[in-house]
Amino acid sequence: MVAIDPATQALWNVVAAVPDPEIPVLSITDLGIVRDVSIDRVLITPTYTGCPATFAIESDIRAALNAAGYASTRIETTLSPPWTTDWITDAGREKLRAYGIAPPTPAGTSTVYCPQCNSADTQEISRFGSTPCKAQWQCRTCQEPFDLFKCH
Ligand SMILES: [Zn+2]
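Keep in mind the model is a prediction, meaning the values are calculated, not measured.

1. Structural notes on the packing of aromatic side chains
Under the definition given, this model contains 0 aromatic pairs. Across the ring face of Trp87, the terminal group of Arg35 is positioned such that the distance to the ring centre comes to 3.7 Å.

2. Thoughts on the sheet that holds strand 3 (residues 74–77)
Pairing is mixed in the open sheet, where 3 strands are placed in the order 1-2-3. Either end of the sheet is taken by a strand with one partner, and the two such strands are strand 1 (34–37) and strand 3. Taking each pair of neighbouring strands and ignoring which way they run, the sheet shows an average axis angle of 20°. Examined bridge by bridge, strand 2 (residues 41–44) and strand 3 share 4 bridges and lie parallel to one another. Paired with Leu43 across the strands is Glu76, a residue of strand 3. Across the sheet, helix 1 (residues 6–16) lies against strand 1 and strand 2, angled at about 150° from strand 1, the strand it touches most.

3. Observations concerning the sheet that holds strand 7 (residues 145–149)
Taken together, 4 strands build an open sheet; the order of strands is 4-7-6-5 and the sheet is mixed. In this open sheet, the two edge strands, each paired with only one partner strand, are strand 4 (101–102) and strand 5 (122–126). Strand direction decides the pairing type here: strand 4 and strand 7, joined by 2 bridges, are parallel. When the bridges of strand 7 are listed, Ile101 appears paired with Asp147.

4. Here we look at the pattern of salt bridges
For the structure shown, the criterion picks out 6 salt bridges. One salt bridge connects Arg97 with Glu94, and the closest N-O pair in it is separated by 2.9 Å. Taken together, the residues Arg97 and Glu94, both in helix 3 (residues 90–98) and 3 residues apart, mark about one turn of the helix.

5. Observations concerning the coordination of the zinc ion
Coordination of the zinc ion by the protein involves Cys114 (SG), Cys117 (SG), Cys139 (SG) and Cys142 (SG), with metal-donor separations of 2.3 Å. Considering all 4 donor atoms around the zinc ion, the spread of angles at the metal, 105 to 116°, places the coordination shape in the tetrahedral class.

6. What about the environment of Val37?
Relative to the helices and strands, Val37 is located in strand 1. Exposure remark for Val37: the relative accessible area of 4% places this residue in the buried category. It is 18 Å that separates the C-alpha atoms of Val37 and Pro82, two residues lying 45 residues apart in sequence.

7. As for the confidence of the model for the protein
Overall, the predicted model of the protein reaches an average pLDDT of 89, with 93% of residues at or above 70. No element of the protein has a lower mean pLDDT than helix 2 (residues 52–67), at 89, and none a higher one than strand 2, at 96.

8. Section: the nonpolar core
Counting residues in hydrophobic clusters, the biggest one holds 25 residues, and the most contacted among them are Ile28, Leu31, Val34, Ile61 and Leu65. If you list the elements that add at least two residues to this core, you get helix 1, strand 1, strand 2 and helix 2. Val112, Cys114, Trp137 and Cys139 belong to the second-largest nonpolar core, a separate cluster that totals 8 residues.

Reading the values: the criteria
For every chain, the first residue of the written sequence is number 1, and numbering continues from 1 onward in sequence order. Per-residue local features are limited, in this predicted model, to residues with pLDDT of at least 70; the limit for side-chain atom pairs, both in listing and counting, is 80 or more; totals at the level of whole chains, interfaces and linings are taken over all residues. The basis for the side-chain values is all heavy atoms of the structure; hydrogens and waters are excluded. Planes of paired rings set the category: under 30 degrees apart is stacked, over 60 is edge-to-face and the rest tilted, where pairs are Phe, Tyr or Trp rings (Trp by its six-membered ring) whose centres lie within 6.5 Å. The criterion is that NZ of a Lys, or CZ of an Arg, lies within 6 Å of the ring centre and within 35 degrees of the ring normal, and then a charge sits over that ring. For two strands to count as paired, DSSP must find a minimum of two bridges between them. Strands are runs of DSSP state E lasting at least two residues, helices are runs of H or I lasting at least four, and both sets are numbered from the N terminus onward. Structural elements are reduced to axes, namely lines fitted to C-alpha atoms, with helices fitted over the stretch in contact, and the angle between N-to-C directions of any two is expressed from 0 to 180 degrees. Any two residues whose heavy atoms approach within 4.5 Å at even a single point are treated as in contact. Within this document, salt bridges are pairs made up of a side-chain nitrogen of Lys or Arg and a carboxyl oxygen of Asp or Glu, the two lying within 4 Å of each other. Here a donor is any nitrogen, oxygen or sulfur atom (N, O, S) within 2.8 Å of the metal, with 3.2 Å used for Na, K and Ca; water is not among the atoms considered, so some sites may look incomplete. Irregular is the default label, applied whenever a site is not tetrahedral (four donors, all angles between 85 and 135 degrees) and neither square planar nor octahedral (four or six donors, opposite donors over 155 degrees apart, all other angles between 65 and 115). Only protein chains enter the area calculation, which uses a 1.4 Å probe; residues under 20% of their type maximum are buried, those over 50% are exposed, and those in between are partly exposed. A residue's pLDDT is the predictor's confidence in that residue, given on a scale from 0 to 100. Residues enter a nonpolar core if they are buried and are Ala, Val, Leu, Ile, Met, Phe, Trp, Tyr or Cys, with the set joined through side-chain atoms within 4.5 Å.

Structure, rendered in structure tokens:
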């Protein structure tokens with residue numbers, strides 16, 4: 001987002017304050033799913049279709065907009081281009097790490113770094129962690145288990 005007017009900025013701030021339903025330290029703008037914001041409509045790209053979190057995110061945005069007096073602002077979704085984990089902002093990746101969750105690996109790489117000690121000597125324990133959107137990993141250096149954020 002660059003150089004937007006104060007009214008749009010105020011609305012953006014409302015949207016940016018909506019937390020991710022699964023990882024509350026992360027806002028939906030950290031997640032990179034908010035594509036465009038105007039007084040008329042908020043455009044989002046859901047992460048993975050079929051993921052229950054997508055529905056939760058949309059109703060959370062609706063509730064936040066209504067509470068802030070933007071009841072007439074529509075929420076629209078677009079699937080093109082599709083969301084990728086590369087859209088998670090650097091700030092979002094830092095928040096994930098601080099929360100003890102390994103951020104998704106960038107496209108084309110497969111090394112998962114331990115969020116505790118940053119070791120690359122890690123292994124997958126289970127494809128599914130505490131939720132279907134996370135995989136369970138363990139660090140061989142510090143022995144700590146951790147979640148890898150896969151999708152949404
Ligand atoms: Zn470690």
